[in-house]
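Residues per chain, in single letters:
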Amino acid sequence: MIDYHVHLEEGPYSFRWLERTAQALQAHKEPINKGYRQSVEHQVQLLSERLQKGCYSEEWLDLYLQQAKRLGLQEVGIVDHLYRFKETRAYFERYMELDEQHEYGSLQRYWLERVMTENMDEFIETIQRAKEKWRAQGVTLKLGIEADYFIGGEEELASLLKDYPWDFVIGSVHFVDGWGFDNPQTEYIFKGMDEVALKQHYQRFFETVESMITSNLFDFVAHLDNFKVFNYKVQDELFLDAAYERVAQVLKATNTATEINAGLYYRYPVKEMCPGPRFLQTLLAHGVEFTVSSDSHFPDDLGKFTFDNVQQLKEAGISSLVTFTKRKKGYIEI
């Protein structure tokens, strides 16, 4: 009934991105002469219009509305990654490893230059302007932001986020000590780790997650165990259980909600929800509050597996999901 973590786009821009965008456009258009030259010409025309108008065009956003209506969603929270916005450059340059003398610094600088392409005010104006149109068609649209957390960057992050009309702010960890661990270009770092080194990195990841939660900067926190993204997992279950327990305790103590995020399940090698089954049971045992999200980056992925995850929570005895309006928490019954 809701999807609270939905993106409009993400680079880096490539032929793979172009192909995926064409797929999304075709999913919402009537096919014409599939397999013929006219079909290719039509796709090229659609892509050209899409590129010219950008990811914050009304036409692109309308595809999300169409999908939401088709699925019968009541509320959709659209966000963008903080690293998409030029205004945040200093923050990311301060905390990411971007030194080109470092083994992966040049890779990460290349990535940042190609995803940091947008203007925050334009994104906010787009979503705020669309709210009435969505409401008139039976879907409540919420404005959110997914903000990357770095230990030590709390004051700067708070300054970046203030004075904007967010309905909610999502906290997320995509970097551990400056390393963007979910970037496919740096997956090779996992491959070079033995079990001891992997456990040390998991430890550092969960320390960062705990610090993120206790910062009290966020309305809910995303994909709590996404360090598993490429399916490199610690085998020590006692170690993981202890980490899950600590995270659950700080979520409960700070009254911070989290999500069941489907993105890793259908987009990444691990093929597992965040949190995973064992972690989810720990969170449920502590009475942590939840929302649900597809973590989609294209309109045809909106709502993916959110109904399944709502049902899973319902079967576990959860009777409501958290929602947000102007950073005030509310609840929707399931």
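Just so it is clear, the model here is predicted, and its values are computed rather than measured. (Residues numbered from 1 in each chain as written. Predicted model: local features only at pLDDT ≥ 70, side-chain atom pairs only at ≥ 80, totals over all residues. Heavy atoms only, no water.)

## A word on the overall build of the protein
Then, number 1: Of regular secondary structure, the protein possesses 13 helices and eleven strands.
Then, number 2: In terms of C-alpha radius of gyration, the protein reaches 20 Å, essentially the compact-globule figure of 20 Å for 334 residues.
Then, number 3: Principal-axis analysis of the C-alpha atoms places the extent of the protein at approximately 60 × 50 × 40 Å.
Then, number 4: Taking contacts inside the protein between residues at least 6 apart in sequence as the whole, the part at least 24 apart equals 79%.
Then, number 5: If you sum the accessible surface of the protein, you get close to 15000 Å²; carbon and sulfur atoms cover 48% of it.
Then, number 6: Side-chain charges in the protein split into 37 positive and 53 negative, and the spacing between the mean points of these groups amounts to 4 Å. (Helix = DSSP H or I, 4+ residues; strand = E, 2+ residues; numbered from the N terminus. Rg over C-alpha atoms; globule rule 2.2 N^0.38 Å. Contact = heavy atoms within 4.5 Å. Areas by Shrake-Rupley, 256 points an atom, 1.4 Å probe, with all protein chains shown as cover. Lys, Arg positive; Asp, Glu negative; His and termini not counted. Charge placed at Lys NZ, Arg CZ, Asp CG, Glu CD.)

## Quick notes on the sheet that holds strand 2 (residues 75-79)
Then, number 1: The parallel open sheet is built from seven strands, whose spatial order is 1-2-3-4-7-8-9. In the strand order of this sheet, the two ends are held by strand 1 (2-7) and strand 9 (290-293), each with one partner.
Then, number 2: Of the pairings in the sheet, the one linking strand 1 to strand 2 comprises four bridges and is parallel in character. Within strand 2, the residue paired with Val6 across the bridge is Ile78. (Pairing = 2+ DSSP bridges.)

## Quick look at a negative patch on the surface
Then, number 1: Together, Glu87, Asp121, Glu122 and Glu125 give the surface a local cluster of negative charge.
Then, number 2: Turning to its location among the elements, Asp121 is positioned in helix 6 (residues 120-136). (Patch = residues over 30% accessible without salt bridge, like charges linked within 9 Å, V, L, I, M, F, W, Y side chains within 5 Å. Salt bridge = Lys/Arg side-chain N within 4 Å of Asp/Glu carboxyl O.)

## So, the pairing of strand 11 (residues 328-333)
The side chains of a regular strand alternate, first on one face of the sheet and then on the other.
Then, number 1: By the bridge criterion, six bridges tie strand 10 (residues 320-325) to strand 11 in an arrangement that is antiparallel. By the bridge assignment, Phe324 is partnered in strand 11 with Lys329.
Then, number 2: Turn length for the strand 10-strand 11 hairpin, with the two strands adjacent in sequence and antiparallel, is two residues, and the turn residue Lys326 shows positive phi of about 50 degrees.

## Things to note about the nonpolar core
Then, number 1: Judged by nonpolar contacts, the single largest core of 113 residues is most densely connected at Ile78, Leu82, Phe92, Phe123 and Trp134.
Then, number 2: When sequence neighbours within four positions are dropped, the list of residues in contact with Phe92 reads Leu82, Tyr83, Leu98, Leu112, Met116, Asp148, Phe150 and Phe175. (Core = buried A, V, L, I, M, F, W, Y, C linked by side-chain atoms within 4.5 Å. Buried < 20%, exposed > 50% of the residue type's maximum accessible area, 1.4 Å probe, protein only.)

## Let's talk about helix 5 (residues 105-115)
Then, number 1: Listed in full, the buried residues belonging to helix 5 are Gly105, Gln108, Trp111, Leu112 and Val115. On an axial view of helix 5, the arc spanned by its buried residues comes to 125 degrees, and they lie on one face.
Then, number 2: Next to the buried residues of helix 5 lie helix 4 (89-95), strand 5 (175-176) and strand 6 (179-180). (Arc of directions from axis to C-beta.)

## Side note on the side chain of Gln108
Then, number 1: Along the chain, Gln108 turns up in helix 5.
Then, number 2: In this structure the side chain of Gln108 is engaged in a polar contact, spanning 2.6 Å, whose partner is the backbone nitrogen of Gly180. (Polar contact = N/O pair within 3.5 Å; in protein donor to acceptor, adjacent residues only side chain to side chain.)

## Brief notes about the packing of aromatic side chains
Then, number 1: Evaluation of the coordinates by the stated rule reveals 38 aromatic pairs.
Then, number 2: Measuring from centroid to centroid gives 5.5 Å for Tyr56 and Phe123, while their planes differ by 45 degrees, and the two rings are tilted. Here Tyr56 is found in the loop between helix 2 (37-53) and helix 3 (58-71), whereas its partner Phe123 is found in helix 6, with 67 residues between them in sequence.
Then, number 3: By relative accessible area, Tyr56 is classed as buried at 5%.
Then, number 4: Taking 6.4 Å as the distance between ring centres and 80 degrees as the angle between the ring planes, the aromatic pair formed by Phe206 and Phe279 counts as edge-to-face. Here the residue Phe206 occupies a position in helix 9 (residues 195-214), and Phe279 occupies one in helix 12 (residues 277-285), the gap between them amounting to 73 residues. (Phe/Tyr/Trp six-rings, centres within 6.5 Å; stacked < 30°, edge-to-face > 60°.)

## Regarding the pattern of salt bridges
Then, number 1: One pass over the full model with this rule turns up 30 salt bridges.
Then, number 2: Between Lys131 and Asp167 there is a salt bridge, and its shortest N-O distance comes to 2.7 Å. With a gap of 36 residues between them, Lys131 in helix 6 and Asp167 in the loop between helix 7 (154-161) and strand 4 (168-172) connect regions that are remote in the sequence. Judged on exposure class, the residue Lys131 and its partner Asp167 are both buried.
Then, number 3: The salt bridge partner of Arg278 is Glu237, with a shortest N-O separation of 3.4 Å. One end of the pair, Arg278, is in helix 12; the other, Glu237, is in helix 10 (residues 237-254), and 41 residues separate them in sequence.
Then, number 4: What makes Arg278 partly exposed here is its relative accessible area of 42%.
Then, number 5: Look at Glu237 and you get partly exposed, because its relative accessible area is 45%.
Then, number 6: By sharing partners, the salt bridges in this structure join Glu9, Arg50, Asp80, Arg84 and Glu118 into a single network.

## Quick look at unusual backbone geometry
Backbone phi values are negative for most residues with the exception of glycine, while trans is the configuration of most peptide bonds.
Then, number 1: Across the junction of Gly11 and Pro12, the peptide omega takes the value -5 degrees, indicating a cis bond.
Then, number 2: Here Pro12 is to be found in the loop between strand 1 and helix 1 (15-27).
Then, number 3: Residue Pro275 is reached from Cys274 by a cis peptide bond, and omega for that bond is 0 degrees.
Then, number 4: Looking at where Pro275 falls in the secondary structure, it is placed in the loop between helix 11 (263-267) and helix 12.

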